[in-house]
Amino acid sequence: MKSSLSLALYLLVAARGGGVISAVPRRERPLGRLLWLHAGGDATPKSLGQRLTRLVRAESGISVVVTADCVEPVDERNFPAGTLFEPTPEDRTADIRSFLDHWQPDLFVLAGASLPPATIVEVHQQDVPALLVDVRVPRQRGLFGLFRPDPATAVMSVAPWP
């Protein structure tokens, strides 16, 4: 991984957490392959759900767990039957590790305009294949953008993205 002061500082803070690991009771992990979709920022849950429905029809034995912090509300009827909807883990190392240890996803799909650095780094460190779908990184504008270190740029160097 390339060195980045801003990413290193972000991950240092994320590792400290400052709180208690999310104590959300989780359902049992389904057997077989599991895809974790995180719809963040300005993701469009309806179209993501439609694409997942086609994928699940084409590839039997795939289960889906969805987390979302997007602006558009998530209508569960747009997703394949049996999709599990879970609260989004905080972008803190301990929360992400706990989430990944429980769900053990076979694929992580990140959609929308958020790039949670601790999540991406932990997914990579646990060797979970990942896809970025419809991700847009907003540019910093003005003088502030020239001098502010951006962890999003550094986090993109964590793994070779397809």
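A few points about unusual backbone geometry
- Here Gln 104, not a glycine, exhibits a phi torsion of approximately 45°, which is positive.
- A positive phi angle, near 60°, is found at Asp 127, a position not held by glycine.
- Looking at where Asp 127 falls in the secondary structure, it is placed in the loop between helix H4 (117–125) and strand S5 (130–133).

Considerations on the pairing of strand S2 (residues 62–70)
- By the criterion of burial, S2 is predominantly enclosed, with seven of the nine residues buried.
- Alignment of strand S1 (residues 33–41) against S2, held across nine bridges, turns out to be parallel. Within the sheet, the bridge partner assigned to Gly 40 lies in S2 and is Asp 69.
- Handedness of the crossover joining S1 and S2 through helix H2 (residues 45–58): right-handed.
- Looking at chain direction, S2 and strand S3 (residues 84–85) are connected through two bridges and run parallel. For Val 65, the partnering residue across the bridge sits in S3 and is Leu 84.

Some details on the pattern of salt bridges
- The tally for this structure, following the rule as stated, stands at six salt bridges.
- Measuring nitrogen to oxygen at the nearest pair gives 3.6 Å for the salt bridge that ties Glu 86 to Arg 27. One end of the pair, Glu 86, is in the loop between S3 and helix H3 (93–103); the other, Arg 27, is in the loop between helix H1 (5–16) and S1, with 59 residues separating them in the sequence.
- On the accessibility criterion, Glu 86 (9% relative accessible area) is buried.

Cut-offs used in this document
Residues numbered from 1 in each chain as written. Predicted model: local features only at pLDDT ≥ 70, side-chain atom pairs only at ≥ 80, totals over all residues. Heavy atoms only, no water. Helix = DSSP H or I, 4+ residues; strand = E, 2+ residues; numbered from the N terminus. Buried < 20%, exposed > 50% of the residue type's maximum accessible area, 1.4 Å probe, protein only. Pairing = 2+ DSSP bridges. Right-handed = clockwise from strand over helix to strand, strands pointing away. Salt bridge = Lys/Arg side-chain N within 4 Å of Asp/Glu carboxyl O.

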